[in-house]
Amino acid sequence: MAEAERGIPTHVAIIMDGNGRWARKRGLPRTAGHAQGAKVVEQILEDADHMGIRYLTVYAFSTENWSRPQPEVKMLMNLLRTYMKTSLAKCAKNNVRIRVIGDKSKLDVDLQKAIAGLEEDTRDNTGIGFQIAINYGARDEMRRAVTKLCEKAKSGALDPASITEETISDSLDTAGIPDPDLLIRTSGEERLSNFLMWQLSYAEFYFTDVAWPDFNKAELEKAVDAYRHRERRMGGLVR
Ligand code: FPP
């Protein structure tokens, strides 16, 4: 049976919150929470794949996160750098296709290169699509899309009257990827925090008190189960 028919969401997006609180509870530095969180990301990617989820998008670093203490920012960037440089073999083995969403132009050049390499090398993989949001903010993504469209219009390549919702979707960092069906946010907060605001228009939201470093396959299954038991209404029709 097709995954969608079994009620498995095609695309799951996750706001991975609570790393700092998880660490503080254990008397550890916040960075220890991020390190554990990064391990959980890798495991959840495998679990999501095994469950039949086709796309997973995680919020790793927001446009607002630059204002955190500089050592923490540096550590997060190093975690992402390590991931980009070491995960190719694993992606090849598991057939994972990687895309980084967000404004990559503000990242260190070596990280930009590692991202471009990993995206290129996994582009033809046909398994789960894994989107990592880095220096991502939905408002910034929309601002960049508007700039792109205005430039096209100015050059005569685009007639403003022809702009549809699809034109806008296709101008976002997630172009070509179906909108998320399910958004999960861990650690008790119930906010969107500037994540995928356009793409989450019809998504179901699932909040859990579990901190991201404690999140696991059983928790993912709970979220998918909750999703499955909701009636999916789009404009009044149950999907
Ligand atoms: C929120 O917790 C979490 C982040 C800002 C960073 C999330 C990043 C990772 C889990 C690493 C990503 C790694 C890969 C490989 C994609 P918080 O620090 O805001 O927690 P708090 O609210 O408890 O302080």
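Residues numbered from 1 in each chain as written. Predicted model: local features only at pLDDT ≥ 70, side-chain atom pairs only at ≥ 80, totals over all residues. Heavy atoms only, no water.

Asks: A description of the overall build of the protein should follow, citing residues and the corresponding values.
Replies: Scanning the protein from terminus to terminus reveals eight helices and eight strands. Here the protein holds 239 residues, and 47% of them are scored as buried. Counting contacts in the protein only where the partners sit at least 6 residues apart, residues at least 24 apart contribute 77% of the total. Surface accessibility of the protein: about 12,300 Å² in total, with carbon and sulfur atoms responsible for 52%. One way to put it: in the protein the 35 positive side-chain charges average out to a point 4 Å from where the 35 negative ones average out. (Helix = DSSP H or I, 4+ residues; strand = E, 2+ residues; numbered from the N terminus. Buried < 20%, exposed > 50% of the residue type's maximum accessible area, 1.4 Å probe, protein only. Contact = heavy atoms within 4.5 Å. Areas by Shrake-Rupley, 256 points an atom, 1.4 Å probe, with all protein chains shown as cover. Lys, Arg positive; Asp, Glu negative; His and termini not counted. Charge placed at Lys NZ, Arg CZ, Asp CG, Glu CD.)

Asks: For the site of the ligand, give the residues involved together with the corresponding values.
Replies: Residues in contact with the ligand amount to 17 residues; listed here are only the nearest, Met16, Gly20, Arg21, Arg30 and Arg68. A distance of 2.7 Å separates an oxygen atom of the ligand from a polar side-chain atom of Arg30. One of the side-chain nitrogen or oxygen atoms of Arg68 is found 2.8 Å away from an oxygen atom of the ligand. Protein contacts shield 91% of the accessible area of the ligand, which totals 620 Å² for the unbound molecule. (Near = heavy atom within 4 Å. Polar contact = N/O pair within 3.5 Å; in protein donor to acceptor, adjacent residues only side chain to side chain.)

Asks: Which residues make up the packing of aromatic side chains, and what are the values?
Replies: Applying the stated rule across the entire model yields seven aromatic pairs. Where Tyr83 meets Phe130, the ring centres are 6.2 Å apart and the plane angle is 80°; that geometry is what we call edge-to-face. Here Tyr83 is found in helix H3 (residues 70–86), whereas its partner Phe130 is found in strand S4 (residues 129–136), with 47 residues between them in sequence. Accessibility expressed as a relative area gives 13% for Tyr83, which makes it buried. Overall, the relative accessible area of 1% leaves Phe130 in the buried class. (Phe/Tyr/Trp six-rings, centres within 6.5 Å; stacked < 30°, edge-to-face > 60°.)

Asks: For helix H8 (residues 217–228), give the residues involved together with the corresponding values.
Replies: At 3.6 residues per turn, the α-helix brings residues three or four places apart onto the same side. With twelve residues, H8 extends 16 Å between its outermost C-alpha atoms, agreeing within 8% with the 16 Å of an ideal straight helix rising 1.5 Å per residue. All buried positions along H8 are accounted for by Glu219, Leu220, Ala223, Val224 and Tyr227. Looking straight down H8, one finds that the buried residues subtend no more than 140° of arc, so they occupy a single side. Looking at the buried positions of H8, the neighbouring elements they touch are helix H2 (30–51), strand S5 (182–185) and strand S6 (204–207). Measuring from the backbone nitrogen of Ala218 back to the side-chain oxygen at the start of H8 gives 3.2 Å, which picks out Asn216 as the cap. (Expected span 1.5 Å × (residues − 1). Arc of directions from axis to C-beta.)

Asks: Any chance you could break down the pattern of salt bridges for me, citing the residues and the numbers?
Replies: Under the criterion given, the structure shown has 21 salt bridges. For Glu42, the salt bridge goes to Lys90, with nearest N and O atoms at 3.3 Å. On the criterion of sequence distance, the pair formed by Glu42 in helix H2 and Lys90 in helix H4 (residues 88–94) is long-range, its members being 48 residues apart. A salt bridge links Glu204 to Arg230, with the shortest nitrogen-to-oxygen separation between them at 3.1 Å. Pair noted here: Glu204 is in strand S6 and Arg230 is in the loop between H8 and strand S7 (233–234), with a separation of 26 residues, a long-range link. Note on Glu204: relative accessible area 14%, which makes it buried. Here the salt bridges do not stand alone but share partners, grouping Asp17, Arg21, Arg185, Glu189 and Arg191 into one network. (Salt bridge = Lys/Arg side-chain N within 4 Å of Asp/Glu carboxyl O.)

Asks: Mind laying out the side chain of Arg185, listing which residues take part and the relevant values?
Replies: By secondary structure assignment, the location of Arg185 is in strand S5. Classification of Arg185 by relative accessible area gives buried; the value is 5%. A polar atom in the side chain of Arg185 sits 3.0 Å from the side chain of Asp17. Apart from residues no more than four positions distant in its own chain, Arg185 is found in contact with Ile15, Asp17, Arg191, Leu192, Ser193, Tyr206, Phe207 and Thr208.

Asks: Please provide a residue-by-residue account of empty space enclosed by the protein, values included.
Replies: Evaluated as defined, the whole model comprises one cavity of 30 Å³ or more. Quantified by volume, the largest cavity comes out at close to 100 Å³. In terms of lining residues, the largest cavity is bounded by Glu42, Leu45, Glu46, Asp49, Tyr83, Ser87, Lys90, Cys91, Asn94, Val96 and Ile128. Elements represented by at least two residues in the lining of the largest cavity include exactly H2 and H4. For the lining of the largest cavity, the leading source of residues is H2, giving four residues. Across the lining of the largest cavity, the residue classes break down as five nonpolar, two polar and four charged. (1 Å grid on protein atoms, 1.4 Å probe; cavity = no way out; pocket = protein on both sides within 12 Å on 5 of 7 lines; lining within 4 Å. Points joined across faces, edges and corners; volume = space filled by probe spheres on them. Nonpolar A, V, L, I, M, F, W, Y, C, P; charged D, E, K, R; others polar.)

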